[in-house]
Structure formats: C-alpha cells, structure tokens
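Read off the chains here:
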Amino acid sequence: MGSYRPLHDGWTVALAAASPLPADFPVSPVPAEVPGCVHTDLLAAGRIPDPYLDENENALRWIGHSDWVYETTFAWDGTSEPRVDLVCAGLDTVATVTLNDVELGTTANMHRAYRFDARPHLRTGDNTLRVRFDSAYRYAEAVRSQVGPLPSAYTDPYNFIRKMACNFGWDWGPNVVTAGIWQPIGLHAWRSARLATVRPLVTVEGGDGRVSVHVEVEREGSEALTLSAAVAGVRGEVTIAPGERTAVIDLTVRDPELWWPRGYGDQARHLLDVTLSGADGRVLDVWQRRIGFRSLRLDTTPDADGTPFTIVVNDVPVFVRGVNWIPDDTFVTRVTRERYAERLTQTREANVNLLRIWGGGRYESDDFYDLCDEYGLLVAQDFLFSCAAYPEEEPIASEVAAEAREQVVRLSSHPSLVLWFGNNENIWGWHDWNWQATLEGRTWGAGYYLRLLPAIVDELDPTRPYWPGSPYSGREDLHPNEPAHGSMHIWDVWNERDYVHYRDYRPRFVAEFGYQAPPVYATLRRSISDDPLTHDSPGMLHHQKAIDGDAKLRRGLDAHMPVPRDFDDWHYLTQVNQARAVSLGLEHFRSLRPLCMGAVMWQINDCWPVTSWAAIDGYGRRKPLWYAMRRAYADRLLTVQPRDGSLALVAVNDTGQPWTASAAVTRLAVTGEPGAKTAVEISVPAHSAVTVPLPSDVSTSDDPRRELLLAEADGLRAWWFFAEDRDIDYPAPRWEAAVDEAPDGYRVTVRAGTILRDLTLYPDRLDPDSSVDDVLVTLLPGESVTFMVRTRLPLDPAALTSRPVLRCVNDVSSPRRS
C-alpha cells in the first residue's frame, strides 16, 4: 500500500523581493508553522503586533499586498514507488510551487486541493521545496481589469478570487488578507493505482439502508483491479477492468439503525470500508468513513399559504432551530478539533439543531462535519459566494466548477449535511441592490446558481437537496426574499426598525435575522486598551464594523430601555436588548409552526473580538444572548404572543411525545400583588404548536406602567410586560444575596425583595476565565435563584453581589422618558 509523509517541519517564510513593506521592517526569514499563514508566523516571531488588539489591524494591511515565500528542505531516500505526488490539501491562494527550482504547478483557489507529480524532480538526499504566494489583491485586481467591474457590498475585490471573502473585511470581521500553506502538505508514494475519489450515496428505502459507493481511480499501470466495500456486515466487490477508471458498488443493509438529528433520536453511524487491490491481491489503497443511514428531502410543495421550506429527515418534518456559522477565527488554522468541539458543544447546549455555513467563509474542516455527525447537528452549506456579483468568465468559471465538484464529493459521506445553498444574498442583491444598472449586461453569477451548481449536485450527490440561494423563493418570477415562499432573510429590523417588527413577518423559513451587542466585558478589556472605555471610544468604534452600528444600538436602547448612566449600564443594557430582540423573533417564528418551519439566527460565533450579532464572542465567551437562545430554543416553549388585537398563550412542543399541562396565567402588579387569573389547559401533540386566546380580563391592563403578565406550566415561564422598561414604574431593586463556596467555584443565591428584571451575573469582571450557568432571570418579590459560578480564583463575595457584577434592569435609575 502507498505511504504518506507529511512535510510540516523546517519551514521559513520571508517577503519576496520587491514586495511593499513598512520602513525598518526586518526582511530576514522567520520560522513558519505549517499548516498556518503569514500573519500568525509574523506574530509568533514578534514581527507584528496582534491584529485583534486595538486598531493594530489598520497598520498591518500591507501584508495582504505583499508577496511571500515559504521554503523548507527535506531529505528523501529514493523510494522505489513509481509515483510520488506532492499533495497540497490547501494553498492560500495564488501560489507557485517549485521543487529543487523546478516549477511543479500554480494555484489560484483556496478552496481546492492540488496534487503534483514530484517523482521526476526528487533527488536522493536534501530537497528544497518552495511555495511562493503572490498578493491576492494583485491577482483579484487583474481579474477585475480583465472582466470588468462588478458590484459588491464592500470595496475590496473579494469577488474576483476564489478565497475566503471575509478575509477582506466584513461588517463583523477584520481586514487581514492572509497567505500561506493553510492545509496539510506532504508526499504520497504509490504504485499501480490509487483511490482518487470515493463518493458514498446513502439513502433509506422501505426500511432498508442503501449505499451506492462511487469510486474513481487514478492509474499508473493497466492491470485489473479489485474494489471492495463493506458496511454493517454487508460486503460487495467488483472488478475494474484494465484501462477503466470508475466503478460502483451497491450495498443494502436490512433495517439499519438510523441517524437522526439531535432531539429526534440517536446518531447511529456505521464504518464504511473501501479497499482497492491489485491483480496479485496486494492492497493498494484504503478509504474509511463513518456514514449514517437516513432519508432526506426538502418539502417545497406549494400550499394555500405559498411555498413551504421544510427539511424532512426519516419522514419526520424538522422545525429548524438554527444558527449561522462563520469561520471561528480569521486565522482559520488556529481552530483545532478541540476548539470545534467546544464551540459545537456550546451550540448544541443552546438547543440548536442546525448550523448554516455562510457563503463568505470556507468549506469547513473534516473535523467540523464529523463532530456535527456525532452531535446530531444538521448542516446547511452555502457554496462560497456572498454579497457580490461574481464573474462567470475565465479564469474564475473553471475554478468554481472544480471547487464545487471537489467539495460535493468530499462532503458526501456526512449524514449531517442536509442542504446546499447556491449563494448568500446574491440573487437578492441583483433584485434590490441596484446591481442591474451597473452591470450593463455583464455576468453576475446567475449561471452558477441556476445551472452549474444544481447540475453538479444532481450529478454527484442527488441524495441532497439544492436551493439556488439564501434567500430564494423557489422561482425566478418571484422576488427572492418573499416571506410566503421558500427561504428569507430579515434585515430591515436591525437596519431600520424596532425589533418588535419581527412580528410583522409570517415567513415559511428564516435563514438570517439578528441583532447586535458588544462582547463580554473580559473580551473587551483583553482586546481594547481605551481609557476610559466608552461606547464611542476609538477602540470600541474600530471593533464595531457595521455601518452606523453604534447609532443602531442607541436607537434600540431609546425604544426600550432607561437611559444608561455610564459604560457599565450601556454594556449591560445593549446585551439585554440583543437577547430580547432575538428571543422575540425566535418565539414568534416558533409560534407560527407549521406555517414557519425554521429560524436560523445570525450568528452563533465570532472570528475576533468585536461588537456583533454573535451569541458567543470572539474569545469563546457566551453573551447573554446565548442563554436567551437556550430558553427560546428549548424543546418545550411557553410564549405570550399578540393575536388579533389581544394576547394568546402559545405552547410549542418539539419533543416526540404529547405535552399536556395546565398553565396558570396571572396579571400582576410590578410590586408582586396578583390581579386577574385564569387556568389554561394545553394539549400539544408531538412536534406541534397550539395557540390559546387569553381572556380580556387577564390580557388587558388598565395601568400598563405598573402591571405585567406571567404564564407558568411545568416549570416554564412566559412573561409579557405591558410597557417598555423605560416607562415601567419599577420599584427600586432590593435583594438579599448569599455566596457559598462550591467544588468548582461559588453558589450565589439571590432572594428578591422587589421585582428584579433580567437579573444577570457577570463573574468575568472579576475573573476573565470564569463562567456562570444562567443569566437574565426575572424574579418576583420573595422568589430566589442560585447562580453557579465556575472559577479557579478566590472571588470577593461583596464584589460578586454588587454592581457592575450583579445587575438588573431596574437598577438603572434614570428619569422616565415621556
């Protein structure tokens, strides 16, 4: 069998001759980590400051405009194998690869792997391998000059190169245009033949699992080959005749254990073993993956309300409780399997069942998809086009086709992958962003989304649905962001309107919506050195990339909150506002089931420390939004919703069992005294929602500033406040607090003397590595809650139980706005 030798040691990186560089910047090489990139190598060598801190990003943009050369020397012993390939799993991006001063090839696509025949150019003893990376800017600008300018959301030419678009900056990300050997590189020695691609197409029919194993081989000789495949105790074998390069083995597994999304069943996986042997029986190559048996379809059958968008797994419609995923670090090689596991564990602990991988980032690592398979997290994958018109001419067209074919094959074994989207917002952009006038007849990507990509998916993986874009309404004659049809994005709320307007929408599926807040305080203090730190101090504004982002945060506070007295108030209230905005949207969309069958919040994670829409900030800390999302995405949800000019109680049951309960609904004074009451009997079938109108004596208040509504059933609570916090006549907050040591930190028990609205504990202000189990807890007088604070440090009990660590909305004392 062939052998693989990684070439990850002994690398250096240096500026190529004549590259732009700052004055006094050393030109000598620095050690390079492979896989890695120029920025992280220069940072490790102390040549540049951390781009994530303060405004350092601005002073480092020259790196992306320069050319860089990676070089290593390795020994070779003259193996007897007739083929030795240099395998480059990922080069970022415009690369020239030379071995012993002989050019092996060039690349211009970050999202493809490359293989070069190195055997003729290897020599016994020392060999020099060099990879030169030309500036991604220069390449993209040359393509733009060749095909003509095209509209995009940002000024940098990210749409003229097949590279991670958000490297060029986004409304949540820094401009750090990377270069480097970002995936493994090594020598593969082999003889006779190898498995070039293995593509298992898995289906379930009539209770039986079927695997159609499609194989392509690369040959060095012409002998007959034997291909075998085995899974779950079933084995098949075929002969590949001399000269033939493809084969298919069909396997049927009777009544296999099925793979289910989390919350619907177990994630059974089965080892698929594919072996290629020579005529003499010697094993030439082996491929192994764990697959999952599950049926899959996307239900878009028109109905009386329009065009649904429902993912159906194993014949069960799944309400998508989703999040959007961006690269977890701008420097993607810093994201290890352990970090993926941490972030995806945080995701599933927030009761999420689907991640949409956004089209301005990357096709994720094998570790990411493998962990999603293991955790039962569904994946919707964008092809990598976002917020721009893309040329359909060369040299881009061939790269797009090759990239798409490679990635569809690579990901075909993963049961978690349930949907391909053709792009992010580009069809919408063509309709609504004034592109048509500026295009002047030039191509913009429609041929990719409507013809090329669906044809590739249909050819290579017809087991998975394809949808031309996110958003897209299903037909070219419909507006692509029509709520009644297909998948939509909602961004007018964040950009222009108050978040209560999420309730104006009755969508079939929401693939993006979100609301901003700053990151956790410890993340701010690690990344920004402003003194004093204010909402508009230089570092804060630099780490706010959204257009008018600070003003939009202020608009949201003005609509709902008391006036913040200082930065601590501003930080707490903006985080509460984000949590409430997204919770309102999630609860509204879930209450519309089955009309709406999915909500995908923007976004779960960040790639650096920044004020953004994320629930988990750039250093992996959970913002209050994460806890609110965990409640709003719980398997069972009680929510009070406006219906037909009054209020209704909606019970949502996303479990596989019926839910029957008696809900107590009470109108209360903010001082805690009960008023009108009613009992509501709820009976909710599995995977359903039930709406029960509330009587007017409970749902109507004669004194909105001094009353609220509370519904309770089976330990769940749903609140409705008749007025905004800025207008509510809250009593001054009173509480008693006790702090007790616990094995992993402290138990902090708070007993309310008055109502405490959205009580939140911020232990990171005392220990940046600490965490707390819950936040945003509303207590009535006499009620108590115990927070579990995890920390390795001794913390001051007085500090743990006072401002700014322990907060509630009604501790922000300010004149009530009229």
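Parameters at a glance
Residues numbered from 1 in each chain as written. Predicted model: local features only at pLDDT ≥ 70, side-chain atom pairs only at ≥ 80, totals over all residues. Heavy atoms only, no water. Helix = DSSP H or I, 4+ residues; strand = E, 2+ residues; numbered from the N terminus. Rg over C-alpha atoms; globule rule 2.2 N^0.38 Å. Buried < 20%, exposed > 50% of the residue type's maximum accessible area, 1.4 Å probe, protein only. Contact = heavy atoms within 4.5 Å. Areas by Shrake-Rupley, 256 points an atom, 1.4 Å probe, with all protein chains shown as cover. Lys, Arg positive; Asp, Glu negative; His and termini not counted. Charge placed at Lys NZ, Arg CZ, Asp CG, Glu CD. Patch = residues over 30% accessible without salt bridge, like charges linked within 9 Å, V, L, I, M, F, W, Y side chains within 5 Å. Salt bridge = Lys/Arg side-chain N within 4 Å of Asp/Glu carboxyl O. Pairing = 2+ DSSP bridges. Axes fitted to C-alpha atoms, helices over the stretch in contact; angles between N-to-C directions. Parallel < 35°, antiparallel > 145°, perpendicular 65-115°, else oblique. Left-handed = near helix turned anticlockwise from the far one by under 90°. Nonpolar A, V, L, I, M, F, W, Y, C, P; charged D, E, K, R; others polar. Expected span 1.5 Å × (residues − 1). Bend = angle between axes of the 7 residues up to and from the residue. Phe/Tyr/Trp six-rings, centres within 6.5 Å; stacked < 30°, edge-to-face > 60°. Lys NZ or Arg CZ within 6 Å of the ring centre and 35° of its normal. Disulfide = S-S within 2.5 Å. pLDDT = per-residue confidence, 0-100.

Draft legend 1. The overall build of the protein, seen in detail. Along the protein, the regular secondary structure elements total 17 helices and 44 strands. The globule rule puts the C-alpha radius of gyration for 818 residues at 28 Å, and the 28 Å found for the protein is close to it. Each of the 818 residues in the protein was classed as buried or not, and the buried ones make up 61%. Restricting to contacts in the protein with at least 6 residues of sequence separation, those with at least 24 account for 69%. Total accessible area on the protein is roughly 29600 Å²; 48% of this is exposed by carbon and sulfur atoms. Charge-centre separation for the protein: the mean point of 81 positive side chains lies 1 Å from the mean point of 113 negative side chains.

Draft legend 2. A nonpolar patch on the surface, seen in detail. A cluster of nonpolar residues, Met1, Val283 and Val286, forms a patch on the protein surface that exposes about 240 Å² of accessible area. Note on placement: Met1 falls in the segment before β1 (3-6).

Draft legend 3. Region of interest: the sheet that holds strand β13 (residues 193-205). As summarised here, the arrangement of the 3 strands in space is β13-β14-β17, forming an open sheet in which the pairing is antiparallel. What marks the edges here is a single partner per strand, and that holds for β13 and β17 (246-253). On average, each strand axis in the sheet is tilted by 15° relative to the strand beside it, whichever way the strands run. Relative to strand β14 (residues 208-219), β13 is paired through 12 bridges, and the arrangement is antiparallel. Its bridge partner being in β14, Arg194 is matched across the sheet by Glu218.

Draft legend 4. Just the packing of helix α14 (residues 567-591) against helix α15 (residues 624-632), in detail. Where α14 contacts α15, the axes come no closer than 8 Å and their chain directions differ by 20°. By the angle between their directions, the pair α14 and α15 is classed as roughly parallel. Note on packing geometry: the crossing formed by α14 with α15 is right-handed. In this structure, α14 contributes Gln575, Gln578, Ala579, Val582, Ser583, Leu586, Glu587 and Arg590 to the contact, and α15 contributes Pro624, Leu625, Ala628, Met629 and Ala632. When the residues that make up the contact of α14 with α15 are grouped by side-chain class, the tally is 8 nonpolar, 3 polar and 2 charged.

Draft legend 5. Seen up close, helix α9 (residues 446-460). The terminal C-alpha atoms of α9 lie 21 Å apart, and with 15 residues this matches the ideal 21 Å at 1.5 Å per residue to within 8%. Roughly 35° is the biggest bend found in α9, and it falls at Leu452, with proline Pro454 one to four residues downstream. Among the residues making up α9, those that are buried are Ala446, Gly447, Tyr448, Tyr449, Leu453, Ile456, Val457 and Leu460. Buried residues along α9 sit against β13, α6 (396-410), β26 (417-421), α7 (426-432) and β27 (466-467).

Draft legend 6. The packing of aromatic side chains, seen in detail. Per the stated rule, a full pass over the model turns up 44 aromatic pairs. Between Phe309 and Trp467, the ring centres sit 5.1 Å apart and the planes meet at 75°, which makes this aromatic pair edge-to-face. Placement of Phe309 in the loop between β20 (296-299) and β21 (310-313) and of Trp467 in strand β27 is noted, with a sequence separation of 158 residues between them. Each ring, one from Trp433 and one from Trp435, has its centre 5.9 Å from the other, and the planes form 75°; the classification is edge-to-face. Take Trp433: its relative accessible area is 30%, and that puts it in the partly exposed class. Of the residues examined, Trp435 reaches a relative accessible area of 2% and is grouped as buried. Pairwise contacts between aromatic rings join Phe385, Tyr390, Trp428, Trp430, Trp433, Trp435, Trp444, Tyr448 and Tyr449 into one cluster. Sitting above the plane of the Phe385 ring, Arg162 keeps its charged end 4.5 Å from the centroid. It is Arg765 that lies over the ring of Tyr521; its NZ or CZ is 3.7 Å from the centre.

Draft legend 7. How the structure looks around the state of the cysteines. Under the criterion given, the structure shown has 0 disulfides. Cys387 takes part in no disulfide bond, and the closest cysteine sulfur to it belongs to Cys166, at a distance of 11 Å.

Draft legend 8. Spotlight on helix α4 (residues 337-349). The terminal C-alpha atoms of α4, which comprises 13 residues, lie 18 Å apart, in line with the 18 Å expected from a rise of 1.5 Å per residue. Against β23 (320-325), β24 (354-357), α5 (366-375) and α15 lie the buried residues of α4. Asn351, located one to two residues past α4, shows a positive phi value of around 70°.

Draft legend 9. Spatial organisation of the confidence of the model for the protein. Confidence in the prediction of the protein, expressed as mean pLDDT, is 96, and 99% of residues score 70 or more. Across residues 814-818, confidence stays below pLDDT 50; counting only partners more than four residues off in sequence or on other chains, it has 13 contacts.

Draft legend 10. Representation of the pattern of salt bridges within the structure. Scanning all chains against the criterion turns up 65 salt bridges. A salt bridge links Asp566 to Arg803, with the shortest nitrogen-to-oxygen separation between them at 2.9 Å. With Asp566 in the loop between α13 (549-560) and α14 and Arg803 in the loop between α17 (797-800) and β44 (806-807), the pair connects residues that are 237 residues apart, well separated along the chain. Each of the salt bridges in this network shares a partner with another, and the network as a whole consists of Arg83, Asp85, Arg115, Asp117, Arg194, Glu218 and Glu220.

Draft legend 11. Structural detail: the sheet that holds strand β40 (residues 756-761). Spatially, β42-β40-β44 is the arrangement adopted by the 3 strands of the open sheet, whose pairing is antiparallel. In this open sheet, the two edge strands, each paired with only one partner strand, are β42 (777-779) and β44. Where β40 meets β42, 2 bridges bridge the pair, whose relative direction is antiparallel. Note that in β42 the partner of Leu756 across the bridge is Leu779. Its contacts with the sheet put α14 on β40 and β44, and the angle it makes with β40 is roughly 110°.

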